[in-house]
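# Chains, contacts and geometry: an overview
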Amino acid sequence: EAPFHIGLLHCNVGGLPGHDNYAPCSTNDLAARAIDYWALGHIHKRQNISPRAPCIHYPGNTQARRFDEYGPKGATLVRVHGLNQIDLEFMAVDEIRFAHVAVDAKGCESVDQVLIACEERIRTALSENNGRFVLARVQITGQTRSHATLVQAAASADEGLIAALRDRLPAE
């Protein structure tokens, strides 16, 4: 039985946009090597560059660090069944998730109604993340009679809106 060769490389395959072109290379460069599976670093988003032999894969990072790295993060379990026969399985291991929470305040007649809408969306974000701690960025949009009060509360030094949401949400 032939050995299975794994290559590790911190690089930017094909000059993926939005990332520094660190250690640039192409899929052809990687395919020309006697490697069966390439585990790549540098790009924090999990993605398969080539599922065919050789498999070229960015497993992503195990823990998001910023709001632009939202969604589940983890590791990739690679199962080798034979020559050119591998399965990739994502395994979420992150402890904290970042979430963008969009709240439509259209039709809300009071700040309290806006806060209720925020609470509902935040609770949804919490339930979608399997009990993990969630750092949420809340964006309130839509026309509401409470606009001036919301703007004033958002600008207040006493964290008016944030404090009100903290009081409404579970601390655990």
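As the structure is a prediction and not an experimental result, all values here were calculated from the model. (Residues numbered from 1 in each chain as written. Predicted model: local features only at pLDDT ≥ 70, side-chain atom pairs only at ≥ 80, totals over all residues. Heavy atoms only, no water.)

## Quick notes on the overall build of the protein
If you tally the helices and strands in the protein, you get four helices and ten strands. For the protein, the N- to C-terminal ordering of α and β elements is β-β-β-α-β-β-β-β-β-β-α-β-α-α. Since a compact globule built from 172 residues should have a radius of gyration of about 16 Å, the 22 Å found for the protein marks it as more spread out than a globular shape. Looking at the protein as a whole, 31% of its 172 residues qualify as buried. Taking all contacts inside the protein whose residues are at least 6 apart in sequence as the whole, residues at least 24 apart take part in 54%. Accessible surface, the protein as shown: approximately 11000 Å² in total, 52% of it carbon and sulfur. Of note, the protein has its 17 positive side-chain charges centred 3 Å away from the centre of its 20 negative side-chain charges. (Helix = DSSP H or I, 4+ residues; strand = E, 2+ residues; numbered from the N terminus. Rg over C-alpha atoms; globule rule 2.2 N^0.38 Å. Buried < 20%, exposed > 50% of the residue type's maximum accessible area, 1.4 Å probe, protein only. Contact = heavy atoms within 4.5 Å. Areas by Shrake-Rupley, 256 points an atom, 1.4 Å probe, with all protein chains shown as cover. Lys, Arg positive; Asp, Glu negative; His and termini not counted. Charge placed at Lys NZ, Arg CZ, Asp CG, Glu CD.)

## Comments concerning helix α2 (residues 111-127)
Compared with the 24 Å implied by 1.5 Å per residue over 17 residues, the 24 Å span of α2 between its first and last C-alpha is a close match. For α2, the full list of buried residues reads Val114, Leu115, Ala117, Cys118, Glu119, Ile122 and Ala125. For α2, the elements touching its buried residues are β9 (96-104), β10 (133-141), α3 (147-155) and α4 (160-168). (Expected span 1.5 Å × (residues − 1).)

## A short note on a nonpolar patch on the surface
Taken together, the side chains of Ile96, Phe133 and Leu135 make up a nonpolar region of the molecular surface, amounting to roughly 250 Å² of accessible area. Looking at the secondary structure, you find Leu135 in strand β10. (Patch = residues over 30% accessible without salt bridge, like charges linked within 9 Å, V, L, I, M, F, W, Y side chains within 5 Å. Salt bridge = Lys/Arg side-chain N within 4 Å of Asp/Glu carboxyl O.)

## Some remarks on the pairing of strand β8 (residues 85-92)
Pairing geometry for strand β7 (residues 74-82) and β8, over eight bridges, is antiparallel. If you follow Leu77 over to β8, its bridge partner there is Glu89. Hairpin connection between β7 and β8: a loop of two residues separates the two successive antiparallel strands, and Asn84 in this loop has a positive phi of roughly 60 degrees. (Pairing = 2+ DSSP bridges.)

## Section: the sheet that holds strand β4 (residues 37-41)
Here we have four strands laid out as an open sheet, ordered β1-β4-β6-β5, and mixed in their pairing. Taken across any chain shown, the strands that pair with only one partner, and hence form the sheet edges, are β1 (6-10) and β5 (47-50). When the angles between neighbouring strand axes are averaged without regard to direction, this sheet yields 25 degrees. Summarising the sheet, β1 and β4 pair through five bridges and their orientation is parallel. If you follow Ile6 over to β4, its bridge partner there is Tyr37. (Axes fitted to C-alpha atoms, helices over the stretch in contact; angles between N-to-C directions.)

## Description of the side chain of Asn129
Examined against the element boundaries, Asn129 turns out to sit in the loop between α2 and β10. Of the residues examined, Asn129 reaches a relative accessible area of 10% and is grouped as buried. Looking at Asn129, its side chain comes within polar contact range of the main-chain oxygen of Ala125, at 2.6 Å. Leaving out residues up to four positions away in the same chain, Asn129 has contacts with Arg97 and Val134. (Polar contact = N/O pair within 3.5 Å; in protein donor to acceptor, adjacent residues only side chain to side chain.)

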